[in-house]
Amino acid sequence: MLFNILRENGLLVRKRRNRVRTTWSKHWPKKYPNLIRGTLPDKPDQLWVSDITYLETVNGYSYLSLITDAYSRKIMGFFLSPTLEATGCIRALRMALQNGCNTSALTHHSDRGVQYCSTDYVNILMTNNIKISMTENGDPLENAIAERINGVLKDELLKKKYESYKEAQSGIAIAITIYNSLRPHSSCNMLTPDKAHLQQGYLKKHWKNYYRKNAS
């Protein structure tokens, strides 16, 4: 009753979410179409998904770039940057490519942020014959796997706030090692991402599929 009265009189205080913006897509560099709609990877290194999330330290925010294999959910590359410059995404991409995988059948999917559209980032993808795919309408489901990995790391394995950038770097490295090698994943038939990355064929999902197999 009390809350109804307060609401009717406009006296409820609305809680504001402290959200940090990591994507700016109103830029001039070329944007690419979504190539992965209706697809489902059946082996590793067919589809990598990329995203940027943020971590808080006592000195402000730092930005974590991640590249994840959509089949195994293994984090292939990561880098924590003090800024949102494309350098952080490039460092994560170079780490992912150090695995020496065959990239001829690989698609890289991301949002339309200026970092992923930058000349340096796009040139690395093209040099490695990686197809470029991007979200088109801002719907989180267009990059759902990347969003999900962000949530797992931040909800389960990372601290809410770090004392320094250096501590955050160390915490991220430990968290990703645990995530890749020790945490069973419900999207990979309860295998760890490291073990799932050694498989082929469709893995049983224990929750909603975001990428549906083509009917054709």
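For the structure given in this document, a descriptive report is provided here. (Residues numbered from 1 in each chain as written. Predicted model: local features only at pLDDT ≥ 70, side-chain atom pairs only at ≥ 80, totals over all residues. Heavy atoms only, no water.)

### Here we look at the overall build of the protein chain
So, point 1. Looking only at helices and strands, the protein chain features seven helices and six strands.
So, point 2. What you see in the protein chain, going N to C, is helices and strands ordered as α-β-β-β-α-β-α-α-β-α-β-α-α.
So, point 3. For the protein chain, the proportion of its 216 residues judged to be buried stands at 44%.
So, point 4. Counting contacts in the protein chain only where the partners sit at least 6 residues apart, residues at least 24 apart contribute 63% of the total.
So, point 5. By element, 51% of the accessible surface of the protein chain is carried by carbon and sulfur atoms, the whole surface being about 12,400 Å². (Helix = DSSP H or I, 4+ residues; strand = E, 2+ residues; numbered from the N terminus. Buried < 20%, exposed > 50% of the residue type's maximum accessible area, 1.4 Å probe, protein only. Contact = heavy atoms within 4.5 Å. Areas by Shrake-Rupley, 256 points an atom, 1.4 Å probe, with all protein chains shown as cover.)

### A short note on a nonpolar patch on the surface
So, point 1. On the surface, Ile-174, Ile-178 and Leu-182 cluster together into a nonpolar patch covering about 280 Å² of accessible area.
So, point 2. Here Ile-174 is to be found in helix H6 (residues 165–181). (Patch = residues over 30% accessible without salt bridge, like charges linked within 9 Å, V, L, I, M, F, W, Y side chains within 5 Å. Salt bridge = Lys/Arg side-chain N within 4 Å of Asp/Glu carboxyl O.)

### Considering the environment of His-109
So, point 1. Tracing the sequence through the fold places His-109 in strand S4 (residues 107–110).
So, point 2. Taking relative accessible area as the criterion, His-109 reaches 0% and is therefore assigned buried.
So, point 3. Considering only alpha carbons, one finds His-109 and Pro-33, 76 residues apart in sequence, at a separation of 9.7 Å.
So, point 4. Within the structure, the side chain of His-109 is placed 2.8 Å from the side chain of Ser-133, a separation counted as a polar contact.
So, point 5. Looking at His-109, its side chain comes within polar contact range of the main-chain oxygen of Glu-142, at 2.6 Å. (Polar contact = N/O pair within 3.5 Å; in protein donor to acceptor, adjacent residues only side chain to side chain.)

### A closer look at the packing of helix H5 (residues 144–157) against H6
So, point 1. At a minimum axis distance of 11 Å, the contact between H5 and H6 shows a crossing angle of 115°. As summarised for this structure, H5 and H6 are arranged roughly perpendicular, according to the angle between their axes. Where H5 crosses over H6, the two elements pack in a sense that is right-handed. Along its contact with H5, which presents Ile-149, Val-152, Leu-153 and Leu-157, the element H6 presents Ala-175, Ile-176, Ile-178 and Tyr-179. (Axes fitted to C-alpha atoms, helices over the stretch in contact; angles between N-to-C directions. Parallel < 35°, antiparallel > 145°, perpendicular 65-115°, else oblique. Left-handed = near helix turned anticlockwise from the far one by under 90°.)

### Here we look at H6
So, point 1. In a regular helix each residue adds 1.5 Å, so 17 residues correspond to 24 Å; H6 covers 24 Å between its end C-alpha atoms and thus fits that length.
So, point 2. Elements that come into contact with the buried residues of H6 comprise strand S1 (47–57), strand S2 (60–69), strand S3 (75–81), H5, strand S6 (161–162) and helix H7 (193–196). (Expected span 1.5 Å × (residues − 1).)

### Examining the packing of aromatic side chains
So, point 1. Applying the stated criterion to the full structure yields two aromatic pairs.
So, point 2. Ring geometry for Tyr-54 versus Tyr-61: centroids 5.5 Å apart, planes at 85°, classification edge-to-face.
So, point 3. Residue Tyr-61 is classed as partly exposed on the basis of its relative accessible area of 25%.
So, point 4. Between Tyr-116 and Tyr-121 the ring centres are 5.3 Å apart and the planes differ by 80°, which places this aromatic pair in the edge-to-face class.
So, point 5. It is Lys-154 that lies over the ring of Tyr-54; its NZ or CZ is 3.8 Å from the centre. (Phe/Tyr/Trp six-rings, centres within 6.5 Å; stacked < 30°, edge-to-face > 60°. Lys NZ or Arg CZ within 6 Å of the ring centre and 35° of its normal.)

### Section: the side chain of Ser-72
So, point 1. Its location among the elements puts Ser-72 in the loop between S2 and S3.
So, point 2. Accessibility expressed as a relative area gives 0% for Ser-72, which makes it buried.
So, point 3. Here Ser-72 is in contact with Cys-188, Pro-193, Ala-196 and His-197, once residues within four sequence places are set aside.

### Considering unusual backbone geometry
So, point 1. Located in the positive-phi region is Asn-189, a residue other than glycine, with phi close to 55°.
So, point 2. Among the residues examined, Asn-189 registers a relative accessible area of 38% and is labelled partly exposed.
So, point 3. Positive phi is not limited to glycine here, since Met-190 has a value of about 65°.

### Here we look at H5
Since there are 3.6 residues in each turn of an α-helix, residues three or four apart along the chain are aligned in direction.
So, point 1. Between the first and last C-alpha of H5 there are 19 Å, a value that for 14 residues agrees with the 20 Å anticipated at 1.5 Å per step.
So, point 2. The secondary structure elements touched by the buried residues of H5 are S1, S2, S3 and H6.

### A word on the nonpolar core
Soluble globular proteins tend to bury their nonpolar side chains together.
So, point 1. By size, the foremost hydrophobic cluster in this structure holds 24 residues, and its most contacted members are Trp-48, Ile-67, Leu-93 and Tyr-121.
So, point 2. Among the elements of the structure, S1, S2, S3, helix H2 (86–97), helix H3 (114–117), helix H4 (119–127) and strand S5 (131–134) are those that each provide at least two residues to this core.
So, point 3. By residue number, the principal contributor to this core is H2, which donates six residues.
So, point 4. Ignoring any residue separated from it by four or fewer positions in sequence, one finds Trp-48 in contact with Ile-67, Thr-68, Asp-69, Met-76, Leu-93, Ala-96, Leu-97, Cys-101, Leu-106, Thr-107, His-108 and His-109.
So, point 5. Val-49, Leu-158, Ile-176 and Tyr-179 belong to the second-largest nonpolar core, a separate cluster that totals 22 residues. (Core = buried A, V, L, I, M, F, W, Y, C linked by side-chain atoms within 4.5 Å.)

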